[in-house]
Each structure stands twice: as structure tokens, then as C-alpha cells.
Amino acid sequence: MSPKLSACWVVLGPLLCSCALALQGGMLFPRESPSRELKALDGLWSFRADFSENRLQGFEQQWYRQPLRESGPTLDMPVPSSFNDITQEARLRNFIGWVWYEREAILPQRWTQDSEMRVVLRINSAHYYAVVWVNGIHVVEHEGGHLPFEADISKLVQSGPLTTCRVTIAINNTLTPHTLPPGSIIFKADTSMYPKGYFVQDINFDFFNYAGLHRSVVLYTTPTTYIDDITVTTNVEQDIGLVNYWISVKGNEHFQVEVRLLDEDGKVVAQETGDQGQLQVPGANLWWPYLMHDHPAYLYSLEVRMTTAGPVSDFYTLPVGIRTVAVTESKFLINGKPFYFHGVNKHEDSDIRGKGFDWPLLMKDFNLLRWLGANSFRTSHYPYSEEVLQLCDKYGIVVIDECPGVGIVLPQSFGNESLRHHLEVMDELVRRDKNHPAVVMWSVANEPSSALKPAGYYFKTLITHTKTLDPTRPVTFVTNAKYDADLGAPYVDVICVNSYFSWYHDYGHLEVIQPQLKSQFENWYKTHKKPVIQSEYGAEAIAGFHEDPPLMFSEEYQKALLENYHSVFDQKRKEYVVGELIWNFADFMTNQTPTRVIGNKKGIFTRQRHPKNVAFILRERYWRIANETRQHHSVPRTQCLGTRPFTF
């Protein structure tokens, strides 16, 4: 596969490929175990952007063949982070094209000498297209900026006396009509107005195209015969929890598998042998969402041990939540009980880091979510880090897991090439996230164009394929169209609708919200007879701006708009509306336009996570809804997570 360049797809010619191959099997999260070791390569990497006119200098001069510093000046670049906001260089902030990262890792001696050990390089996120070399040898390429990819580099690091490993990664952030999200490169040919060769990246989504190594890069080991993948589905029959499992082993056809399920106290509650089977747990503790039970998010541990006839063994432990998900004509059910999504949309976005993963920021966000009384969020508009989903499993925050299909509005983006890539991305997403109990629904796209003829076939194929990948979870896509019967709504299980009444039209006229919102819900339900989620709504508010009567961009206007929406939600959630997700959890960065004042200000928190007035309004509402919902459930109604009692 040829790398993507700054303005087009160009064949570089054959890249030198070793026997190290991209892994096409499972995508288990790297965990240490008695048989597995882990080495994170987070920290400062050498970094260089290719500012040459064609952005090809790095490939032409083969920067990967020697330490990057020998090719020219380099910067220290933190990983994980976006590179855009780290320096004071304006041309780097808006850079489009190839950037180069490099890091030398010192390997434990046993990693380089034990032929019974696999050494795997895993990149958790490289936006958007990545080419990877180890010690100057090409090992893997990957398209897509939000999902992990791996390469077995054992033969490269075990081929001689060296105990160092030089990892070089070239990343291109160019978006084309066939990427996810799509984009276009626009050349400005008028030299009387623009410099020679000038081009810009045009996008149809409202967040900044941050780029770089956004998540950790790690090296980890397994035995040469190893547990490649685990798939778990759960069910409940009366009070018996059922855990169905399938285990894939690679490296040897002759092996034995032992499986044990442990409760939170470490007690074995079920065990089996064989690479597939069913574990039965009488009196099972179910995985409940936050605020729906006095012990939400109960997690068992599935311990898998694989042995061969020789001395080789492999261990892996997977957290498992026993729960069911179902959809009726008017309800979304978790463990057979109606579930109402009262939550947020988010972005992986923060000052300086851009989309770079950061543990302190993540914990702050989860503490704010629980303070708010939010029980759910959508990963708008791309898959989030695996650590985010692990915390959702742990705390009971329900997730609508969305792929990067945002801004699909160009005719070229509905062709076979785009559909092929979109299907591959859904394969990768489901492969990565299939075992998370917090993930209750897949979202295949956000606000695609409904006016283009191929769109109906495109989304029918995509939705049908996703249901084949995972028949245990419902599928949705998020629309802002008007009751369209062809785009994809007939094939999804839940209708997710975005609308911004009195914001993007009827500016300032708060009085139109309620009649327009009622009509929206009634028409969607009349057309499709499926549960409806208000998947986005909101208004921008600049913290500290106050106006009475309310004016747009004031905190009072944001508050009044939400109250009008909430009035209709309270009517319709008694019928078929099963959720409301505010846009947005926090302010976030966008491209510079006259309509954005240093980013999008629709957050209920600022980008620095300070609450606006509306955060307190939403908090009161969410806790009240949680209280009302619990009154209709036959589950204990006591304090939850030690956060606050069920009174407001």
C-alpha cells in the first residue's frame, strides 16, 4: 500500500519489507501478565516536519535509514500529544503533509535472545496515515487516525547482539474524499493572491484536524504460541448469568485452554476448558449503568490460560460485565429495564495536548460526568482511546461508540473506494471494542448528506455489515435530515437526531423551539416506529457573557434554549424518546472562521473544565431524571458510588 501524500495519492515504489507483518488477528489491549511484558515508549520523541514543496523529501532521502537527527534539525515532541499546539511555529500548527517521529528504545536482554518470545510494536493512534520502520526496515502501514495497529518485530530485534530498537514513524494528516473523516486539498493557483504551490485542507466537520501520535506507543511480548483474541457475549436466564466465549490461539495447532471467571473478591464462580464454551453464573451480579443500581458496573475477571505440550503457556485476563441490551418499538432496555440516556457528547480535545491522551484530564472529565449525573456519552465523532472505554466499564458510563464517519457530504465519498474503507474501519472498531460492557450501540456515521443518490445503498451496506460483525448490539447513525426514509434510517435500530433550533436557523427566536422539536419527534416516530435519541442540541455561550433578555452567545441564552428543549423531552420521554445528549461536554478547538471565537463554545464546561451556569441546570435535571427512573425499577434505591444520594 502506498503512503498518502500532502495533496494526492502517490506511489512511492516498493517499500523495503521484512518478514515483520501487520497483525490481522485480534486486538487485545496490551496487559502485563505472568507470560507478557510491556514497555511504554511515551515521552519525548525526535520530530521533524517535511516542509519541502512536495512533502516527499523524507522518502526521497530515506530519513528512516539513519537516526532522524542526521537528516536535519529535529524538535523534541511529547508522545502522546498532537504536534500542532506544542511549539510557537505557526506553520507547524496548520501543517498538512508528512511529519516524522523517532524514538530509540532499550530492550531487556531476554527480549532479544529468547526465541520463544514474540516482540510486538503497537501504535494506539497515529493520525491519519502512518508508515513505520524498525531499525530502518519497513514493518507496517496503517490508514485511519483513531484505531490501533501492530507489527510483530521479533525477527528484527532478535537478529543480532543489539539491545536497542529504533522506531521511526512517518505520519500524514491529509484528508481526502475517501478518508474517514473525509476532506479535500484545494490548490490556490492565482499567484497574484497566493504563494506558488499554495494549498489548504478543506474539511466538512467542526473540529480541528489535530495530528500526531495521539496515544501511547508500546512494545509488548507474548510467547510464540499465544492467545490472539477473545470474544465474549453475555446473557441472563432468570438469575443465571451466561458468559459465552470464543478464544483464538496462534502459533500452534496443539494447545489446551483453561478459562476461569472470578468475581470482584477473587473467588472463582465458574470455570471451563476448551477454546469456546459457556460459563454459567448462578445469582450473577449484573453490570448496571451508573445511577441505575446501588452497585453499578460490576465486573468479573475472565482468566484465560493457554498451554501447549511443551513449556509454553500464555495468560490473559479480560474484564467482563454480564448484561443484556435490547430495543423495542419505543424503549431501549438494559438488563430488561428501560434505560434513558441522559448524558453528553464529547471530544478528545484540550489545551496544548490537542487530542493527545492525558490521564489527569481523563479523570477530571469522569469526575465531572459523575458530578453532573450523566450516565452516558457518544464518542463523537471518532473512536476514543481504549482507556476511556475501560473507565466507562468501571464506572458504569454507557457508550454509543461512533466511527470517524463525520462530514460525509462529497459525491466522491459515497463510491466503492470510500465504502471499502468505511467497512474496514467498522471491522477494526468492533474488533477493538466488542468486549466492553459499557458499549451498547455502534454509530456508523454522523450527519452524512441525505441529498446524494448513492447514500441509501452506502448506508444500507454499512449498517447491515455492522450488524453481521456484532449481532448483540443495536446500530445507529446520527442524522440531521428531515425524516428521510432512504438514507439509512430504515435499517438502524435507534434513530439519533441532531437539531439546533433557534441557533443555526431562526436565530434568537427561542419561541420556535418547542413546536419545531415536537414536530421533529412526531414525524420521525411516525415514519419509522423506532426509539429516538436527541443525539445533539445546544447553543454557544462564552463564559462570563450575560444578557437579559437573553441574546445569542450569552449564558442566559444557552440556559433558555436548553429549558425549551427539556420541556419537550419531558413530554416525549414518556412515549418513545429514549435519550438526550447535550452538545457539548466542553468547549473545543475548531478551524478559524468568523463564526468561531477560538473554537466552538457550546460546552457546558469551558475547555479548561470550568462550569458555565448551564452545567448546574443540567446537573439538577440529570439527578432528577435518575431519581424518577429508579422509582420504576425493582433495584435497590440507595447511594451510588458514594457520589450523592438519590435526592436533589
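What counts, and where the lines are drawn
- Residues numbered from 1 in each chain as written.
- Predicted model: local features only at pLDDT ≥ 70, side-chain atom pairs only at ≥ 80, totals over all residues.
- Heavy atoms only, no water.
- UniProt positions renumbered as here; feature names shortened; annotations may be inferred.
- Core = buried A, V, L, I, M, F, W, Y, C linked by side-chain atoms within 4.5 Å.
- Buried < 20%, exposed > 50% of the residue type's maximum accessible area, 1.4 Å probe, protein only.
- Contact = heavy atoms within 4.5 Å.
- Helix = DSSP H or I, 4+ residues; strand = E, 2+ residues; numbered from the N terminus.
- Expected span 1.5 Å × (residues − 1).
- Arc of directions from axis to C-beta.
- Phe/Tyr/Trp six-rings, centres within 6.5 Å; stacked < 30°, edge-to-face > 60°.

For the chain, an unreviewed UniProt entry supplies the name Beta-glucuronidase and the organism Phodopus roborovskii. Under Subcellular location (unreviewed entry), UniProt gives the following word-for-word description of the chain: "Lysosome". The Sequence similarities (unreviewed entry) comment attached to the chain in UniProt states, word for word, "Belongs to the glycosyl hydrolase 2 family."

The next subject is the nonpolar core. In terms of nonpolar packing, the biggest core is built from 147 residues, with Ile230, Leu302, Phe332, Phe341, Phe377 and Phe459 touching the most fellow members. Once residues lying within four places of it in the same chain are set aside, the contact partners of Phe377 are Val344, Lys346, Phe366, Leu369, Tyr384, Val388, Cys392, Ile397, Val398, Val399 and Ile400.

The subject of this paragraph is the environment of Val430. With respect to the secondary-structure elements, Val430 resides in helix α7 (residues 416-433). Residue class for Val430 comes out buried when judged on its relative accessible area of 5%. In this structure the C-alpha to C-alpha distance between Val430 and Asp470, which are 40 residues apart in sequence, comes to 7.4 Å. Apart from residues no more than four positions distant in its own chain, Val430 is found in contact with Trp442, Leu469 and Asp470.

This next bit is on helix α9 (residues 513-528). Under the 1.5 Å per step criterion, the end-to-end length of α9 is 23 Å for 16 residues, consistent within 8% with the ideal 22 Å. Looking at α9, one finds that the buried residues are Ile513, Leu517, Gln520, Phe521, Trp524, Tyr525 and His528. Each buried residue of α9 sits inside an arc of 110 degrees when the element is viewed along its axis, so together they form one side. At the exit of α9 stands Lys529, carrying a positive phi of roughly 50 degrees.

Under the criterion given, the structure shown has 41 aromatic pairs. Here Phe377 and Tyr384 contribute two aromatic rings whose centre-to-centre distance is 6.1 Å and whose plane-to-plane angle is 25 degrees, an arrangement assigned as stacked. Residue Phe377 is classed as buried on the basis of its relative accessible area of 1%. By way of ring pairs, the aromatic residues Phe59, Trp63, Tyr64, Trp98, Trp100, Tyr129 and Trp133 are connected into one cluster.

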